[in-house]
Amino acid sequence: MRRFPVFIVAAGAMAVASGSIIAVAAKHFLGSTAVEPAPTAKSELTTGSIDARWPKPGVERQTAVAEAAPKLVALEAEAAPEPEKRVAVAKPTCNNPNALGVSRTVQIDTMGGPGFGMSQYRDYDFLQPGEVVLTFDDGPWPVTTPMVLAALKAECLRATFFSIGKHATWYPEVLKQVVAAGHTVGSHTWSHQNLAHKSPQEAQDEVEKGMSAVAMMAGTPIAPFFRYPQLRQTRNLKAYLVQRNVAAFSIDIDSEDFKIKKPDVLVGSTMAKLKKNGKGIILMHDLHKWTALAVPELLAQLKANGYKVVHVRAKGTLDTLPEYDAMVAAAQPVKPSNARAISAEMQTFD
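1. A closer look at the overall build of the protein chain
Helix and strand counts for the protein chain stand at 8 helices and 14 strands. Taken across its 350 residues, the protein chain has 50% of its residues classed as buried. Considering only residue pairs separated by 6 or more positions, the protein chain has 81% of its internal contacts joining residues 24 or more positions apart. In the form shown here, the protein chain has an accessible surface area of approximately 16,300 Å², with 53% of it arising from carbon and sulfur atoms.

2. Structural notes on helix α3 (residues 172-180)
Three or more residues of α3 are buried, namely Pro172, Val174, Leu175 and Val178. Buried residues of α3 fall within an arc of 160° about the axis and therefore sit on the same side. Turning to α3, the residues buried within the fold contact α1 (144-154), β8 (160-163), α2 (165-170), β9 (184-187) and α4 (200-218). Looking one or two residues beyond α3, the residue adopting positive phi is glycine 182, at roughly 90°.

3. Focus on the nonpolar core
Formed by 52 residues in total, the largest nonpolar core has its most connected members in Leu134, Phe136, Leu152 and Leu302. Those elements that place two or more of their residues in this core are β7 (131-137), α1, α3, α4, α5 (235-244), α6 (263-277), β13 (280-285) and α7 (289-304). Top contributing element to this core by residue count: α4, with 8 residues. If you look at the next biggest cluster of nonpolar residues, it comprises 16 residues, including Val106, Phe116, Ile281 and Val312.

4. A short note on the side chain of threonine 169
Within the secondary structure layout, threonine 169 lies in helix α2. A relative accessible area of 13% means that threonine 169 is categorised as buried. Those residues within four positions of threonine 169 in sequence are excluded, and the remaining contacts are Trp190, Ala213, Met217, Val328 and Pro333.

5. A closer look at the packing of α6 against α7
One can describe the packing of α6 onto α7 by two numbers: an axis separation of 8 Å at closest approach and a directional angle of 45°. Relative to α7, the element α6 is oriented oblique. Both α6 and α7 take part in a crossing whose hand is right-handed. Together, Pro263, Leu266, Val267, Thr270, Met271 and Leu274 of α6 and Trp290, Thr291, Leu293, Ala294, Glu297, Leu298, Gln301 and Leu302 of α7 make up the contact between the two elements.

6. Remarks on the pairing of β7
Summarising burial for β7: 7 of the 7 residues are buried, a large majority. Burial along β7 is two-sided: the face carrying Glu131, Val133, Thr135 and Asp137 and the face carrying Val132, Leu134 and Phe136 are both buried. Strand direction decides the pairing type here: β7 and strand β14 (residues 308-314), joined by 2 bridges, are parallel. By the bridge assignment, valine 132 is partnered in β14 with valine 309. For β7 and β13, the ladder comprises 6 bridges, and the chain directions are parallel. Residue pairing for β13: leucine 134 is matched across the bridge by isoleucine 282. Where β7 lies against β8, 3 bridges are found, and the strand directions are parallel. Opposite phenylalanine 136, over in β8, you have phenylalanine 161 as the bridge partner.

7. Digging into the confidence of the model for the protein chain
This prediction gives the protein chain a mean pLDDT of 77; 69% of its residues lie at or above 70. Within the model, the stretch residues 1-6 combines pLDDT values under 50 with 30 contacts to residues more than four positions away or in other chains.

8. Focus: the pattern of salt bridges
All chains considered together, the criterion is met by 8 salt bridges. Taking the shortest distance from any N to any O, the salt bridge between lysine 279 and aspartate 125 comes out at 2.8 Å. One end of the pair, lysine 279, is in the loop between α6 and β13; the other, aspartate 125, is in the loop between β6 (115-116) and β7, with 154 residues separating them in the sequence. Between glutamate 256 and lysine 259 there is a salt bridge, with its nearest N and O atoms 3.3 Å apart. For glutamate 256, a relative accessible area of 14% gives the class buried. Overlapping salt bridges bring together Glu256, Lys259 and Lys273 as one network.

About the criteria used
- Residues numbered from 1 in each chain as written.
- Predicted model: local features only at pLDDT ≥ 70, side-chain atom pairs only at ≥ 80, totals over all residues.
- Heavy atoms only, no water.
- Helix = DSSP H or I, 4+ residues; strand = E, 2+ residues; numbered from the N terminus.
- Buried < 20%, exposed > 50% of the residue type's maximum accessible area, 1.4 Å probe, protein only.
- Contact = heavy atoms within 4.5 Å.
- Areas by Shrake-Rupley, 256 points an atom, 1.4 Å probe, with all protein chains shown as cover.
- Arc of directions from axis to C-beta.
- Core = buried A, V, L, I, M, F, W, Y, C linked by side-chain atoms within 4.5 Å.
- Axes fitted to C-alpha atoms, helices over the stretch in contact; angles between N-to-C directions.
- Parallel < 35°, antiparallel > 145°, perpendicular 65-115°, else oblique.
- Left-handed = near helix turned anticlockwise from the far one by under 90°.
- Pairing = 2+ DSSP bridges.
- pLDDT = per-residue confidence, 0-100.
- Salt bridge = Lys/Arg side-chain N within 4 Å of Asp/Glu carboxyl O.

Have a look at this one:
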């Protein structure tokens, strides 16, 4: 029987809990570009458990053929969460009464390896108009990552960090700061290689070694969230992430901070793209000095223009593979004397 990814939406620390929390189990396609409209919940579907019949996918994922109808379930906002369905999320403390704050938290069941970010994955769109998800790639990095963390803390926000395994072994103390601040941590390969240029086994090794390194250096299980370097995916890797129950995250808005190096221009460009798009997953890089300098003003602009920040969490945690854990444990991390930002070599995804 095929499982469906589930979203559980919970009220954020800065929002007043009211109404209902909606958990949606929805199908998605492997390697398919076709988009089928989801059934729209009627206004009376506000409580209880209702079957919402969907069309049969007609596409096999591995050897499973979907025959189950997912359910649209509305849960009371104040109801105690069921341990097997919900992962407890600690409420962030905030000493700033005027902070932007987290509007709500979206919890994702990664069973079946769903994809998010409308630039590549069209099956899911969990954001409402005016909502954004803040994501940072390529850390952890000294100085700049702590600067980003400080800016987020000042506005009582939580973001998602897709960390590079090699960087995690160089700066585990910085990665632990990200974890301690309550942010979501995913992985971004071992050394930021373009996986589309690798053999299937080489690409798998890059993915798995990166996952093991980030989890090991974090000192705690991380989210089963992954982002492809340069957003370059392959059919084989998509199938592999499905098998591993790891969600792939793409983007909606590219800050292009790998080439826009003036903080004020970076903020203006990102806000213009957001205004045009209306919402979305924003891509930034926490190892760039100009990005770290731009984040406080970007957050101020988000607040001034009425945008709301959504924090994304995983229902479960990543299960790393022992053979790759052993590789990372045996490796001797050597910090470069003059480290060049890997994302300086990135290309814009077209």
